[in-house]
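A closer look at the structure
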Amino acid sequence: MITVATLLWDANRHSLPFSRHYTESDVEKLYRGFARHLSTPFRFVCFTERPRTFCEEIEQERLAASEPSYGSCIEPYRLNEPMILVGLDTIVVGNCDHLAAYCIGADKIAVPRDPFFPDKVCNGVALVPGGNARIWREFPGGNDMEWIRKQDVNVIDDRFPGAVVSYKGHTKKHGLEETTAIVYFHGEDKPHQLPHVGWIARHWHDNVRAAA
């Protein structure tokens, strides 16, 4: 069993303009994407600051902070179990079984190479083996991505070329590739602003059984 985890909280004073729009609907779209593309048994957990109502089988974990910030994105590591950790600005477009298998069998966290600063990594998606609760336990607070950059990690791009890509850094210009499983969005340009893009319309919707 693997966990897929994400986070949702109401926009607050810490929220940047491009991340103030998320609702329960975004969580459910993300769940349905994994339901279509992950054959490995999984549970889906949403970390949130208050109780939510979902239509799907989505578990909830209460965030430690009453007013979450981006640093709260480290908290799912406290689960200490194999986990695919993604933000709500993520679209699942292809089979993710190999990514889940990595989380179950590997010994290091894997994250993408930063598409604009290739000498660094980013945390748009994290493949997390079990036994990594210390990432949360030792977190000093502050910027979540800078904390991940301080860890000893593998790079998803090297292990699974083309499987996890940035929309701005890759897909916007080059489109989807056969190897692509997950597209993550960061900063400006979010899925709800791009309904005219064909592959987004096909993969980011409410129908769990729709053809990929």
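The structure contained in this document is the topic of the report that follows. Values in this document were obtained by computation on a predicted structure and should not be read as measured data.

What the chain contains, in helices and strands, is seven helices and 10 strands. Dimensions of the chain, computed from C-alpha atoms along their principal axes, come out at roughly 40 × 35 × 35 Å. Sequence separation of 24 or more characterises 67% of the internal contacts of the chain that already satisfy a separation of 6 or more. When the accessible surface of the chain is summed, it comes to about 9,800 Å², and 49% of that surface belongs to carbon and sulfur atoms.

Let us now look at the packing of aromatic side chains. A complete count under the given rule lists nine aromatic pairs for this structure. A centroid spacing of 6.0 Å and a plane angle of 85 degrees characterise the contact between Tyr102 and Phe160, whose relative ring orientation is edge-to-face. With a gap of 58 residues between them, Tyr102 in helix α2 (residues 97-105) and Phe160 in the loop between α5 (156-159) and β9 (164-166) connect regions that are remote in the sequence. With a relative accessible area of 7%, Tyr102 lands in the buried category. Judged by its relative accessible area of 18%, Phe160 is buried.

What the rule picks out here adds up to zero disulfides. Note on Cys103: no disulfide assigned, nearest cysteine sulfur contributed by Cys96 at a separation of 10.0 Å.

Residues Phe34, Phe44, Ile84, Leu99 and Leu127 are the most contacted members of the largest nonpolar core, which totals 34 residues. Breaking this core down by element, the ones donating at least two residues are β1 (2-8), α1 (24-37), β2 (42-48), β4 (83-86), α2, β7 (125-128) and β10 (182-184). If we skip the residues at most four places from it in the chain, Phe34 touches Val4, Phe42, Phe44, Ile84, Val86, Val92, Cys96 and Ile182. If you look at the next biggest cluster of nonpolar residues, it comprises 22 residues, including Ala5, Val111, Ile148 and Val153.

Counted by the stated rule, this structure contains 17 salt bridges. Between Glu75 and Arg78 there is a salt bridge, and its shortest N-O distance comes to 3.0 Å. Given a relative accessible area of 29%, Arg78 falls into the partly exposed group.

Turning our attention to the sheet that holds β10. One open sheet accounts for three strands, arranged β5-β10-β9; its pairing is mixed. Edge positions in the sheet fall to β5 (90-92) and β9, since each has one partner strand and no second. On average, each strand axis in the sheet is tilted by 20 degrees relative to the strand beside it, whichever way the strands run. Relative to β10, β9 is paired through three bridges, and the arrangement is parallel. Paired with Val165 across the strands is Val183, a residue of β10. In this fold α1 packs onto β5 and β10, with an angle of close to 25 degrees to the strand it touches most, β5.

Conventions we followed
- Residues numbered from 1 in each chain as written.
- Predicted model: local features only at pLDDT ≥ 70, side-chain atom pairs only at ≥ 80, totals over all residues.
- Heavy atoms only, no water.
- Helix = DSSP H or I, 4+ residues; strand = E, 2+ residues; numbered from the N terminus.
- Contact = heavy atoms within 4.5 Å.
- Areas by Shrake-Rupley, 256 points an atom, 1.4 Å probe, with all protein chains shown as cover.
- Phe/Tyr/Trp six-rings, centres within 6.5 Å; stacked < 30°, edge-to-face > 60°.
- Buried < 20%, exposed > 50% of the residue type's maximum accessible area, 1.4 Å probe, protein only.
- Disulfide = S-S within 2.5 Å.
- Core = buried A, V, L, I, M, F, W, Y, C linked by side-chain atoms within 4.5 Å.
- Salt bridge = Lys/Arg side-chain N within 4 Å of Asp/Glu carboxyl O.
- Pairing = 2+ DSSP bridges.
- Axes fitted to C-alpha atoms, helices over the stretch in contact; angles between N-to-C directions.

Read these as layout, nothing more, since geometry by itself doesn't imply function.
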